[in-house]
Amino acid sequence: MAITHPQGLRPHMHAAARVTAPALPKLGPVSSRVLPSLVVLGAAYTVGTFVRSQLKRESGAMDRIFAQQNTPEVEQARKKALQVEANGDPRNNLFNFLGWS
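Keep in mind that what you see is a predicted model, and the values were worked out from it rather than measured.

Rules of the game
Residues numbered from 1 in each chain as written. Predicted model: local features only at pLDDT ≥ 70, side-chain atom pairs only at ≥ 80, totals over all residues. Heavy atoms only, no water. Helix = DSSP H or I, 4+ residues; strand = E, 2+ residues; numbered from the N terminus. Buried < 20%, exposed > 50% of the residue type's maximum accessible area, 1.4 Å probe, protein only. Areas by Shrake-Rupley, 256 points an atom, 1.4 Å probe, with all protein chains shown as cover. pLDDT = per-residue confidence, 0-100. Contact = heavy atoms within 4.5 Å. Salt bridge = Lys/Arg side-chain N within 4 Å of Asp/Glu carboxyl O.

Summing up its helical and strand segments, the chain has three helices and zero strands in all. Counting from the amino terminus, helix and strand elements in the chain follow one another as α-α-α. Taken over 101 residues, the chain has a buried fraction of 4%. A total of about 9700 Å² of accessible surface is found on the chain, and carbon and sulfur atoms cover 64% of it.

Looking now at the confidence of the model for the chain. When pLDDT is averaged across the chain, the result is 80; 78% of the residues are at 70 or more. Taking the mean pLDDT of every element in the chain, the minimum, 85, falls on helix α3 (residues 84-87) and the maximum, 90, on helix α1 (residues 29-69).

Moving on, we come to the side chain of E75. Relative to the helices and strands, E75 is located in helix α2 (residues 72-82). Relative accessible area serves as the criterion here: at 18%, E75 is assigned to the buried category. Apart from residues lying up to four places away in sequence, E75 is in contact with N70 and R91.

What follows concerns the pattern of salt bridges. This model, assessed by the stated rule, comprises three salt bridges. One salt bridge in this structure joins R57 and E58, with 3.6 Å as the shortest N-O distance. A relative accessible area of 39% places E58 in the partly exposed class. One salt bridge connects R78 with D89, and the closest N-O pair in it is separated by 2.6 Å. Residue R78 is found in helix α2, and its partner D89 is found in the segment after α3; the two are separated by 11 residues along the sequence. What emerges from the salt-bridge pattern is a single network uniting E75, R78 and D89.

Moving on: unusual backbone geometry. In the Ramachandran plot, Q83 falls in the positive-phi region, its phi being about 50° despite a non-glycine side chain. If you trace the backbone, Q83 turns up in the loop between α2 and α3.

Another point: the side chain of R78. Judged by its relative accessible area of 17%, R78 is buried. Discounting chain neighbours no more than four positions away, the residues touching R78 are V84, D89, P90 and R91.

What follows is the structure in structure tokens.
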């Protein structure tokens with residue numbers, strides 16, 4: 001038959017054996033609202049920075065490729081095919097924001 005002890009410990013166990021991890025400090029009402037917002041903004045900034053750097057890198061690669069192909073003959077054929085004189089140059093269009101430098 002087991003003997004019960006006042007604190008639920010066996011005689012050879014010390015009180016230090018029951019130590020639990022300290023409770024995390026509670027955030028105040030302002031911190032509990034501000035901290036998640038800062039985390040979200042930081043993550044969005046990080047993703048945006050990464051995407052921007054990738055777009056710049058790819059843009060540089062495409063610019064090098066197209067720079068090799070932009071001969072006067074190719075430009076003349078492009079102007080004729082896209083009817084640049086009648087419709088305007090699509091490179092200067094407002095929707096061509098990826099081409100902005």
